Amino acid sequence: MPFDGRRFGMILLVAAAGLAPAAPAQAAKASAAQQAAADTCFGKAKSDWQKLVSACTAMIAANIRPDLKAAAYFNRGAAQVKLGQGEKAMPDFDAALAIMPDFARALEARGALLFTQGKLDAALKDLARALTLDPKAGGALNSRALVRLQKGDSAGALADFDRVISLDGRDVGALVNRGVLLAATGETARARADFEAALAADPGNGPARAQLDALSAGKEAK
């Protein structure tokens, strides 16, 4: 998802009112093209991922406040992940964090990307920092649970899935993943409850249905 300004200060308000230059003495009304790019990059206007990349590139090149530039780097990186271009996204997340080291969502995104690259210790470091800044970040908890599973820490993974579900009992990904983990450790009744809860939240969820069918057949789904 693109960066939502409503979750991070006044970004959308600033973008909607006109670009805010870094130096007040240089204040000038944004051009129509600049405003259109701002609206796209910062989520006010809907667009496809490639257009978002282009709009955020324009924002990065513009003379805007550091927090807006960090958001533009983050949004461009998030769009590149959606486009399957993780190698381009990583420098953007790095740049966002160089400007704002406590940017929790950038830490979460970089941690998740590091996990996909097999850099488990670095991923854990970013995700732990993201959760220190935002303990209720379900995405970071889900990602950390998967990293912990990959490192063989089933107890830690289960604790993270538990936290996600305590925050949002309809988080289908966490319900399915926790169910798989519980099934693997022989807690089939709890696993079944998780798969059923996932299907109640999303009746068309294929993984939940497959896992529930496998439990009913007396074996784990492959």
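In case you missed it, the structure is sitting above this.
Residues numbered from 1 in each chain as written. Predicted model: local features only at pLDDT ≥ 70, side-chain atom pairs only at ≥ 80, totals over all residues. Heavy atoms only, no water.

Just checking my understanding: could you explain the overall build of the chain for this structure?
If you tally the helices and strands in the chain, you get 12 helices and zero strands. Element order for the chain, N to C, with α for helix and β for strand: α-α-α-α-α-α-α-α-α-α-α-α. Across the 222 residues that make up the chain, the buried fraction comes to 45%. Pairs at least 24 residues apart make up 44% of the contacts formed inside the chain by residues separated by at least 6 positions. (Helix = DSSP H or I, 4+ residues; strand = E, 2+ residues; numbered from the N terminus. Buried < 20%, exposed > 50% of the residue type's maximum accessible area, 1.4 Å probe, protein only. Contact = heavy atoms within 4.5 Å.)

I tried to follow the side chain of D92 on my own but got confused; where do I start?
Residue placement: D92 occurs in helix 5 (residues 86-99). Judged by its relative accessible area of 3%, D92 is buried. Each residue touching D92, except ones within four places of it in the same chain, is listed here: Y73, R76, G77 and Q80.

Looking at this structure, how should I read the state of the cysteines?
Two cysteines joined by a covalent bond between their sulfur atoms form a disulfide. Under the counting rule described, the total for this entry stands at one disulfide. Between the sulfur of C41 and that of C56 lies a disulfide, 2.2 Å long from S to S. Here the S-S torsion is close to 105°, and the disulfide linking C41 with C56 is therefore right-handed. Highlighted residues: C41 in helix 2 (residues 32-41) and C56 in helix 3 (residues 49-61), separated in sequence by 15 residues. The pair formed by C41 and C56 is uniform in burial state, with each residue classed as buried. (Disulfide = S-S within 2.5 Å.)

Any chance you could explain the pattern of salt bridges here in plain terms?
Any two side chains of opposite charge can pair, so long as their charged atoms come close to each other. Under the defined criterion, the tally for this structure stands at 13 salt bridges. Notably, a salt bridge pairs D67 with R65, separated by 2.5 Å at the nearest N-O pair. For R65, a relative accessible area of 24% corresponds to the partly exposed category. Residues joined by salt bridges that share partners form a network here, namely R144, R148, D153 and D160. (Salt bridge = Lys/Arg side-chain N within 4 Å of Asp/Glu carboxyl O.)

Help me understand the packing of helix 6 (residues 104-116) against helix 8 (residues 138-150) in this model?
Describing two packed helices takes the angle between their axes plus the distance from one axis to the other. Contact geometry of helix 6 with helix 8 gives a least axis separation of 10 Å together with a crossing angle of 25°. The angle between helix 6 and helix 8 falls in the class roughly parallel. Crossing of helix 6 against helix 8: the hand is left-handed. Contact residues: E108, A112 and F115 in helix 6; G139, A140, S143, L146, V147 and Q150 in helix 8. (Axes fitted to C-alpha atoms, helices over the stretch in contact; angles between N-to-C directions. Parallel < 35°, antiparallel > 145°, perpendicular 65-115°, else oblique. Left-handed = near helix turned anticlockwise from the far one by under 90°.)

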